[in-house]
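Here is what each chain is made of, one letter per residue.
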Amino acid sequence: MVHHTMAMSTASASNASSKISPMNLRLLRLVTTALIVGTLAACSTRPLPPPSAPPGPAITLPQGPAAPLPPEPGGPLPAPMAQPKSRWIPVHWSELPGFTSDALYEAWNAWVRSCERPLPAFVPLCPDIRRLSIATAEEQREWMVARLQPYRIEAPDGNADGMLTSYYEPYLDAARMPGNGYTVPLHALPAGFGARKPWYTRQQIDTLPEAQAALAGRAIAWVRDPVEALVVHIQGSGRLRIQEPDGSVRLVRVAFAGTNDQPYQSVGRWLLDQGLVRDATWPGIRAWTLQNPQRVQEMLWANPRYVFFREEPLSPMDAAFGPRGAQGVPLTPGRSIAVDRQSIPYGTPVWLASGGPTAQLQRLVLAQDTGSAIVGAVRADYFAGWGQEAGDLAGRLKQGLRLWALWPR
């Protein structure tokens, strides 16, 4: 799944819930799946010199009552490790804020999913990871401390402070055929795709007969609102409650299939540069479009990037997870993140700590996806789930971040 980050603002975002509770995760504890062991390239482990001093705190997080920390294995800490865009500094588990308070079983489902395509270093651990999916939080925590070493993720210059944003899967009403208000198509790859690169821009797709001819008959579905369609393009996937020609309604997913290879331009940045808004979070963008319907098309054409989709069935099992991320496994709401793979390899368990006006997060997550705007050592995009509540969070979340990679000892 390839998506883009849209939330940015020059004004403070409104407060959202201070505790994120992704939908149906408690029900997922009993989910069992057929697990296929694959391999991805292992990360580089060349030694680095230790940092001169640990960085100071960049975020403030609430500290509530905590369970005792399981005893760590004895001996000195291992050497630092390096990635192309980051360095990993070994630390004690006590450095991880909130580690003894997290509901680890919520993340374990995402971890089991990563074991479908594990990093080579995690292949020996995956049998334990699957077995512990029904263990208590105390047993899971003890196993993590015994088998994994936490590393603080820093930029090559030693900066451990980064930024957290969020993305989600939009949920839209749609129709298989145009009409009755359904006028905006979501397209599959066009005929002859690949013969012309880059392909037509968004404006050309809307206006040039030759572009429209290449897309004739390629509409997967039609939605009512061009702005909602843009959101699906930006997020990279969506759920459609689709009305079939016979009147029946079913739920399907449109997943990322490719782009026109044109550069992505943020409509929020365009609105800011035009002096049209001060709040370029998604709620601010939506408010502007409702007040200025005559300029919506101009705003849409400011982003030449156009996304094509493929349709996927959405069984009850599939509906409990998000779309497949760049790792090739389904995303878990609240427990999957998109990262820069040159900083954190796909499939790595990560401790995430972020505090700000929108959310307070201290939790285990899995690096399972990427995005064109997710670049840098300490950078993550938090998969919030699907629907309006997830969209509200994704449209506002932009705050400080610390990350720790959890790597086999």
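All of these numbers come straight from a predicted model, not from anything done at the bench. (Residues numbered from 1 in each chain as written. Predicted model: local features only at pLDDT ≥ 70, side-chain atom pairs only at ≥ 80, totals over all residues. Heavy atoms only, no water.)

Caption draft 1: Broad picture of the state of the cysteines. Taken as a whole, this structure holds one disulfide when the rule is applied. Sulfur-sulfur distance for the disulfide between Cys115 and Cys126 comes to 2.1 Å. Of note, the bridge from Cys115 to Cys126 carries an S-S torsion of about -90° and is left-handed in sense. Within this pair, whereas Cys115 is found in the loop between α1 (104-114) and α2 (126-131), its partner Cys126 is found in helix α2, the two being separated by eleven residues in sequence. Across the pair, Cys126 and Cys115 agree in class, each one buried. (Disulfide = S-S within 2.5 Å. Helix = DSSP H or I, 4+ residues; strand = E, 2+ residues; numbered from the N terminus. Buried < 20%, exposed > 50% of the residue type's maximum accessible area, 1.4 Å probe, protein only.)

Caption draft 2: Summary view of the environment of Arg335. By secondary structure assignment, the location of Arg335 is in the loop between α10 (316-319) and β12 (336-339). Along the backbone, Arg335 and Pro349 are 14 residues apart, and their C-alpha atoms lie at a distance of 9.8 Å. Those residues within four positions of Arg335 in sequence are excluded, and the remaining contacts are Asp102, Ala103, Glu106, Ala107, Ala110, Arg363, Leu364, Val365 and Leu366. Within the structure, the side chain of Arg335 is placed 2.9 Å from the backbone oxygen of Leu364, a separation counted as a polar contact. (Contact = heavy atoms within 4.5 Å. Polar contact = N/O pair within 3.5 Å; in protein donor to acceptor, adjacent residues only side chain to side chain.)

Caption draft 3: Representation of empty space enclosed by the protein in the model. Applying the stated rule across the entire model yields two cavities of 30 Å³ or more. Computed from the structure, the second largest cavity encloses a volume of approximately 40 Å³. Around the second largest cavity sit Trp111, Ser114, Cys115, Pro118, Leu119, Phe122, Cys126 and Gly347, which together line it. Its residues assigned to classes, the lining of the second largest cavity comprises six nonpolar, two polar and no charged. (1 Å grid on protein atoms, 1.4 Å probe; cavity = no way out; pocket = protein on both sides within 12 Å on 5 of 7 lines; lining within 4 Å. Points joined across faces, edges and corners; volume = space filled by probe spheres on them. Nonpolar A, V, L, I, M, F, W, Y, C, P; charged D, E, K, R; others polar.)

Caption draft 4: Molecular detail of the nonpolar core. By size, the foremost hydrophobic cluster in this structure holds 74 residues, and its most contacted members are Trp108, Trp111, Trp143, Met144, Leu148, Met299 and Leu403. When sequence neighbours within four positions are dropped, the list of residues in contact with Leu403 reads Tyr151, Arg152, Ile153, Ile344, Val350, Trp351, Leu352, Val378, Arg379 and Ala380. Among the nonpolar cores identified, the runner-up in size contains 17 residues, and Leu172, Ala229, Leu240 and Val254 belong to it. (Core = buried A, V, L, I, M, F, W, Y, C linked by side-chain atoms within 4.5 Å.)

Caption draft 5: The arrangement of the packing of helix α6 (residues 226-235) against helix α8 (residues 282-291) in detail. Remark: α6 packs on α8, axes separated minimally by 11 Å, with the N-to-C direction vectors making an angle of 155°. Here α8 runs roughly antiparallel to α6, going by the angle between their axes. Crossing of α6 over α8 shows right-handed handedness. Here Val227, Glu228 and Val231 of α6 come into contact with α8, specifically with Trp282, Arg286 and Thr289. Grouping the constituent residues of the contact of α6 with α8 by class yields three nonpolar, one polar and two charged. (Axes fitted to C-alpha atoms, helices over the stretch in contact; angles between N-to-C directions. Parallel < 35°, antiparallel > 145°, perpendicular 65-115°, else oblique. Left-handed = near helix turned anticlockwise from the far one by under 90°.)

Caption draft 6: Representation of the pattern of salt bridges within the structure. Summed over the entire model, instances satisfying the criterion amount to 21 salt bridges. Two residues, Asp128 and Arg147, come together in a salt bridge whose shortest N-O distance is 3.4 Å. Here Asp128, found in helix α2, pairs with Arg147, found in helix α3 (residues 137-147); they are 19 residues apart in sequence, far enough to count as distant. Of the charged contacts, one joins Asp225 and Arg286 as a salt bridge, the two residues approaching to 3.2 Å between their closest N and O atoms. You can see Asp225 sitting in the loop between β8 (219-223) and α6 and its partner Arg286 sitting in helix α8, a full 61 residues away along the chain. (Salt bridge = Lys/Arg side-chain N within 4 Å of Asp/Glu carboxyl O.)

Caption draft 7: Local environment of the packing of aromatic side chains. One pass over the structure, following the stated rule, counts 13 aromatic pairs. Ring geometry for Trp108 and Trp143: centres 6.2 Å apart, planes at 70°, overall edge-to-face. Taken as a pair, Trp108 in helix α1 and Trp143 in helix α3 lie far apart in primary sequence, 35 residues in all. Here Trp108 falls in the buried class, since its relative accessible area comes to 0%. What makes Trp143 buried here is its relative accessible area of 9%. Over the ring of Phe99 we find Arg141, and its NZ or CZ is 5.7 Å from the ring centre. Lying over the aromatic face of Tyr171, Arg241 brings its terminal NZ or CZ to 4.8 Å of the ring centre. (Phe/Tyr/Trp six-rings, centres within 6.5 Å; stacked < 30°, edge-to-face > 60°. Lys NZ or Arg CZ within 6 Å of the ring centre and 35° of its normal.)

Caption draft 8: Up close: the environment of Arg239. Inspection of the secondary structure puts Arg239 in strand β9 (residues 237-243). Of note is the side chain of Arg239, whose polar atom sits 3.0 Å from the backbone oxygen of Ala319.

Caption draft 9: The packing of α1 against α3, seen in detail. Packing of α1 against α3 brings their axes to within 9 Å, and their N-to-C directions diverge by 60°. The orientation of α1 with respect to α3, classified from their angle, is oblique. Crossing hand, α1 versus α3: left-handed. Of the residues in α3, those in contact with Leu104, Tyr105, Trp108 and Trp111 of α1 are Ala137, Gln140, Arg141, Trp143 and Met144. Class assignment for the residues of the contact of α1 with α3 results in seven nonpolar, one polar and one charged.

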